[in-house]
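Working through the structure, step by step
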Amino acid sequence: MDFNNGGDWNNNQSNENSGDSWNNNQSGGNGWNNGGNGNNWGGWQNQTPPPIQRQPVFINGILNRPILKNEAKAFLRARYGILLAATIIPGLIAFGIACIPVIGAILDMIFAPVLYVGAFYLIIGIIRNKNYDLGNMFDIFGSFGNVFGATFTTNLFIYLWGLIAVIPVGIYIGVTGLSSEILKYTFGYNYGFPRMLYNIAFTGGMIIMLLIAIICYIPAIYKSFCWAMVPYILADNPQMTGTQARRISNDMMRGHKWEYFVFLLSYIGWFLLSACTFGILGFLYVNPYLVTANCDYYDNLRMLYEAQHQAPDCTNNTGAF
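Conventions we followed
Residues numbered from 1 in each chain as written. Predicted model: local features only at pLDDT ≥ 70, side-chain atom pairs only at ≥ 80, totals over all residues. Heavy atoms only, no water. Helix = DSSP H or I, 4+ residues; strand = E, 2+ residues; numbered from the N terminus. Buried < 20%, exposed > 50% of the residue type's maximum accessible area, 1.4 Å probe, protein only. Contact = heavy atoms within 4.5 Å. Areas by Shrake-Rupley, 256 points an atom, 1.4 Å probe, with all protein chains shown as cover. Polar contact = N/O pair within 3.5 Å; in protein donor to acceptor, adjacent residues only side chain to side chain. Salt bridge = Lys/Arg side-chain N within 4 Å of Asp/Glu carboxyl O. Phe/Tyr/Trp six-rings, centres within 6.5 Å; stacked < 30°, edge-to-face > 60°. Lys NZ or Arg CZ within 6 Å of the ring centre and 35° of its normal. Axes fitted to C-alpha atoms, helices over the stretch in contact; angles between N-to-C directions. Parallel < 35°, antiparallel > 145°, perpendicular 65-115°, else oblique. Nonpolar A, V, L, I, M, F, W, Y, C, P; charged D, E, K, R; others polar. Left-handed = near helix turned anticlockwise from the far one by under 90°. Expected span 1.5 Å × (residues − 1).

**Brief notes about the overall build of the chain**
Within the chain one finds 15 helices and 2 strands. For the chain, buried positions account for 44% of its 321 residues. If you take every contact in the chain between residues at least 6 apart in sequence, the share linking residues at least 24 apart comes to 75%. Total accessible area on the chain is roughly 15,800 Å²; 66% of this is exposed by carbon and sulfur atoms.

**Focus: the environment of I248**
Position of I248 relative to the elements: it lies in helix α12 (residues 242-252). Since its relative accessible area comes to 0%, I248 is described here as buried. Linking I248 and V230, residues 18 residues apart in sequence, is a C-alpha distance of 8.1 Å.

**A word on the side chain of D299**
Among the secondary structure elements, D299 is positioned in helix α15 (residues 280-309). Judged by relative accessible area, D299 falls into the buried class, the value being 0%. A polar contact is formed between the side chain of D299 and the side chain of R128, at a distance of 2.7 Å.

**Focus: the pattern of salt bridges**
Summed over the entire model, instances satisfying the criterion amount to 8 salt bridges. Two residues, R254 and D251, come together in a salt bridge whose shortest N-O distance is 3.1 Å. The structure contains a network of salt bridges with shared partners spanning R54, E71, R128, D236, D296, D299, R302 and E306.

**Considering the packing of aromatic side chains**
The tally for this structure, following the rule as stated, stands at 21 aromatic pairs. Between F144 and F148 the ring centres are 6.4 Å apart and the planes differ by 10 degrees, which places this aromatic pair in the stacked class. Here F148 and F144 lie together in helix α7 (residues 144-162), a separation of 4 residues that amounts to about one turn. Residues Y232 and Y298 carry aromatic rings whose centres are separated by 5.8 Å and whose planes lie at 20 degrees to one another, so their mutual orientation is stacked. With Y232 in helix α11 (residues 230-236) and Y298 in helix α15, this residue pair connects regions lying 66 residues apart in the sequence. These aromatic residues form a ring-pair network of at least three members: F58, F225, W258, Y260, F261, F263, Y267, W270, Y285, Y289 and Y297. In this arrangement the basic side chain of K69 is found over the ring face of Y267, its NZ or CZ atom lying 4.6 Å from the centre. We note R246 situated over the ring of W227; from NZ or CZ to the ring centre the distance is 5.9 Å.

**Overview of the packing of helix α10 (residues 218-226) against helix α13 (residues 257-265)**
Packed helices, taken two at a time, are described by their axes: the angle between them and the distance between them. Packing of α10 against α13 leaves a shortest axis separation of 10 Å and a crossing angle of 90 degrees. Considered as vectors, α10 and α13 are oriented roughly perpendicular to each other. Along its contact with α10, which presents Y222, F225 and C226, the element α13 presents K257, Y260, F261 and L264. Looking at the contact of α10 with α13, its residues break down into 6 nonpolar, no polar and 1 charged.

**Quick notes on the packing of helix α14 (residues 268-276) against α15**
For the pair α14 and α15, the least separation of the axes is 7 Å and the interaxial angle reads 160 degrees. When the interaxial angle is binned, α14 and α15 end up roughly antiparallel. The chirality of how α14 crosses α15 is left-handed. Two secondary-structure elements touch here, α14 through W270, F271, L273 and S274 and α15 through I280, L281, G282, Y285, V286, Y289 and L290. For the contact of α14 with α15, the class distribution of residues is 9 nonpolar, 2 polar and no charged.

**Some thoughts on helix α4 (residues 65-78)**
Here α4 is 14 residues long and its end C-alpha atoms lie 20 Å apart, about the 20 Å a rise of 1.5 Å per residue gives. Taken as a whole, α4 has its buried residues at I67, L68, K69, E71, A72, A74, F75 and L76. Among the structural elements, β2 (62-63), α5 (80-98), α6 (104-127), α13 and α15 are those in contact with the buried residues of α4. Two or three places before I67, at the start of α4, stands the capping residue N64, its side-chain oxygen 3.2 Å from that residue's backbone nitrogen.

Right, here's the structure in full:
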């Protein structure tokens, strides 16, 4: 199927409008294009057709993983060198920054998220048949402050949600520490049977504490999936605020969080193979494959979201900010 045939594409979606509305050049709106250059989906449709014949990976609104993975592999075969470099260079630069004495860790925290958003910008552009090279990865630095602020606040909120899991750990440490002191005060250091009971209770309490901590961490995991598309949205719209990006990501991922989790879980076999090769396979193939598939997932989910909501096009990924 021709990727640029809006009518055919939309025939595969449920509760959608006509194919013509897919590519309408809409304006105004909900924040998709804040700070952008106004270029839209129709702008790159008029370029040379992609060398890879793309297919809709959401059939009736449901992800077809084989199509998505095959498409990601096709992109990887066609542009392996640049896609491999796009996944390696941010990590190498971040590692070099982290090695700077004293301030390296702080600088790494500042620059690393923006570098990875730049990599997504490059890969998404390649998926859209842009004639990008590695230098385009750094175009995102034109909006460095905003991208850093949006990614930092998103990661901070997820971290704060994760702190809920610390509560049962703190309670457990407090109770066990107090109980130990009471036993020592009551029986001295050489208490036999009470000490055995304490050890049993200590072990059982640790197991219960870990289970409770895992349960308490679920909200952070849930939020991380709600906001999973934030870096990709920022790659498309680097002037967008963190609040806007999180809101749109939350809307895009509604009904797709479990689907996305299963999609990520489907790569576990690749990571096991990578472990067997001491990470070499992961470095050279699995990581670029997964990152490309994630960018392709976002691009298709964005199109589905726009078709369902009649939203203005969010694509400002043209290399000019």
